[in-house]
Amino acid sequence: MTNLNFDVVVKIGSMAMIREDTNEIDYNRISSLARALRPGYILVSSGATEIGRIDYLHRNGSELRGDLEEIKTDYSAQGQALLMSLYRQFADPRYSLRQVLVEHMHFNDREKADHLRKFFYRAANQNAIPIVNYNDPLSNEETRRMEIAALREERTGIVECVDNDETAAVVASLVGARRLVILTSTNGIYRDVHDPSTLIPEISGGSVQEMEAKIDEAMSFCQGASRVGANGAKAKLLYAKQAIENGTEVRIANAKYPLDAILAGDAPSTRLFLRK
């Protein structure tokens, strides 16, 4: 088990940053999260592509048409700039923000992973907060798949990190984080997604094997995702396994609640952890 000495990794999903009623950027939610960040935290933030799409639509009156891979590249490049400016606008001015755009090789290559780990620890000691996102503007799907396939022929344990749920779990394991908070548009994991009273408040186990069995059971309750291209609650549980097995406590919670309340257990969530 990892020696846990980093504080919190937080991941926020794209749809948790968008208002359901208007399909616009939820500035209140982003500002609340940004104000809660402090040194010793790492934010893994989705949202660049969707925010870029909304920004482009407002400025041009229509959405982009053409090759979907190119459109995603263009939207994400536009959204990254806006996303970072929003976090900078609302974060505590005493703290620096440092953008980190990653791809799979930054974790699959041991030298690059070690370089990244050292960067995260320096940031915590330099009053800075890293904000991590997948490098969509420079990532080509076909090339990435070929690279991943080649690596998997050489060894096991290869990660893709296209899904930021996976990226957050990998980052949490990389730095030995005490806690991983996955912010989404629901209160956690439900036995019946149509019945709010079936929220599962805790999933715990006395061993890795017991924990895996309980997570697999919880995954069987999960259905669908909030948008096309998202992998939903099932993926959150799947990717959280690695971090949990390394001793990180995971909470899946609604982004509408203050981060401090979630961390304190004062907001509804699903808490996953290995019992000691």
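Preceding block: the structure.
Residues numbered from 1 in each chain as written. Predicted model: local features only at pLDDT ≥ 70, side-chain atom pairs only at ≥ 80, totals over all residues. Heavy atoms only, no water.

### Observations regarding the overall build of the protein chain
What the protein chain contains, in helices and strands, is 10 helices and eight strands. Computed over C-alpha atoms, the radius of gyration of the protein chain comes to 18 Å, within 12% of the 19 Å expected from 2.2 N^0.38 for 276 residues, which places it in the range of a compact globule. Expressed as lengths along the three principal axes of its C-alpha atoms, the size of the protein chain is roughly 55 × 45 × 40 Å. Within the protein chain, the proportion of its 276 residues that are buried is 50%. Counting contacts in the protein chain only where the partners sit at least 6 residues apart, residues at least 24 apart contribute 74% of the total. Here the protein chain displays about 13,400 Å² of accessible surface, and carbon together with sulfur accounts for 46% of that area. Within the protein chain, the 38 negative side-chain charges are centred at a point lying 6 Å from the centre of the 34 positive side-chain charges. (Helix = DSSP H or I, 4+ residues; strand = E, 2+ residues; numbered from the N terminus. Rg over C-alpha atoms; globule rule 2.2 N^0.38 Å. Buried < 20%, exposed > 50% of the residue type's maximum accessible area, 1.4 Å probe, protein only. Contact = heavy atoms within 4.5 Å. Areas by Shrake-Rupley, 256 points an atom, 1.4 Å probe, with all protein chains shown as cover. Lys, Arg positive; Asp, Glu negative; His and termini not counted. Charge placed at Lys NZ, Arg CZ, Asp CG, Glu CD.)

### Description of helix H2 (residues 48–60)
Since the α-helix packs 3.6 residues into each turn, any two residues three or four apart lie on the same face. For H2, which comprises 13 residues, the first-to-last C-alpha distance of 18 Å matches the rise-based estimate of 18 Å (1.5 Å per residue) to within 8%. Of the residues making up H2, those classed as buried are Ala48, Glu50, Ile51, Gly52, Arg53, Ile54 and Asp55. Residues of H2 that are buried sit in contact with helix H1 (27–36), helix H3 (68–90) and strand E4 (128–134). Phi for Gly61, located one or two positions after H2, is positive at around 80 degrees. (Expected span 1.5 Å × (residues − 1).)

### Re the packing of H1 against H3
H3 packs onto H1 with a crossing angle of 60 degrees between their chain directions and a minimal axis gap of 8 Å. Comparing the axis directions of H1 and H3 gives the class oblique. Note on packing geometry: the crossing formed by H1 with H3 is right-handed. Counting all contacts with H1, which are made through Tyr27, Ile30, Ser31, Leu33, Ala34 and Arg35, the residues of H3 involved are Leu86, Tyr87 and Phe90. (Axes fitted to C-alpha atoms, helices over the stretch in contact; angles between N-to-C directions. Parallel < 35°, antiparallel > 145°, perpendicular 65-115°, else oblique. Left-handed = near helix turned anticlockwise from the far one by under 90°.)

### Structural notes on the side chain of His104
Topologically, His104 is positioned in the loop between strand E3 (96–102) and helix H4 (105–108). Excluding residues within four positions of it along the chain, His104 makes contact with Tyr134, Arg144, Glu147, Ile148, Leu151, Val159 and Glu160.

### Considerations on the pairing of strand E7 (residues 249–254)
Burial runs high along E7: six of the six residues are buried. Across four bridges, E7 lies against strand E8 (residues 269–274) in antiparallel orientation. Across the sheet, Val250 pairs through a bridge with Leu272, a residue of E8. (Pairing = 2+ DSSP bridges.)

### Section: the pattern of salt bridges
What the rule picks out here adds up to 19 salt bridges. Residue Arg29 pairs with Asp26 through a salt bridge whose shortest N-O separation is 3.7 Å. Of the two residues, Arg29 and Asp26, both sit in the buried class. Between Arg271 and Glu249 there is a salt bridge; the shortest N-O distance is 3.1 Å. One end of the pair, Arg271, is in strand E8; the other, Glu249, is in strand E7, with 22 residues separating them in the sequence. Residue Glu249 is classed as buried on the basis of its relative accessible area, which comes to 16%. Through salt bridges with shared partners, a single ionic network connects Asp7, Arg178 and Arg179. (Salt bridge = Lys/Arg side-chain N within 4 Å of Asp/Glu carboxyl O.)

### Digging into the nonpolar core
Residues Val9, Phe107, Phe120, Leu180, Leu237 and Leu272 are the most contacted members of the largest nonpolar core, which totals 41 residues. The element that contributes the greatest number of residues to this core is helix H7 (residues 164–175), accounting for seven residues. Once you skip the residues sitting within four places of it in the chain, Phe107 turns out to touch Val102, Ala113, Leu116, Val159, Cys161, Thr167, Val170, Val171 and Leu174. Residues Ala48, Met84, Ala91 and Ala261 belong to the second largest nonpolar core, which totals 36 residues. (Core = buried A, V, L, I, M, F, W, Y, C linked by side-chain atoms within 4.5 Å.)

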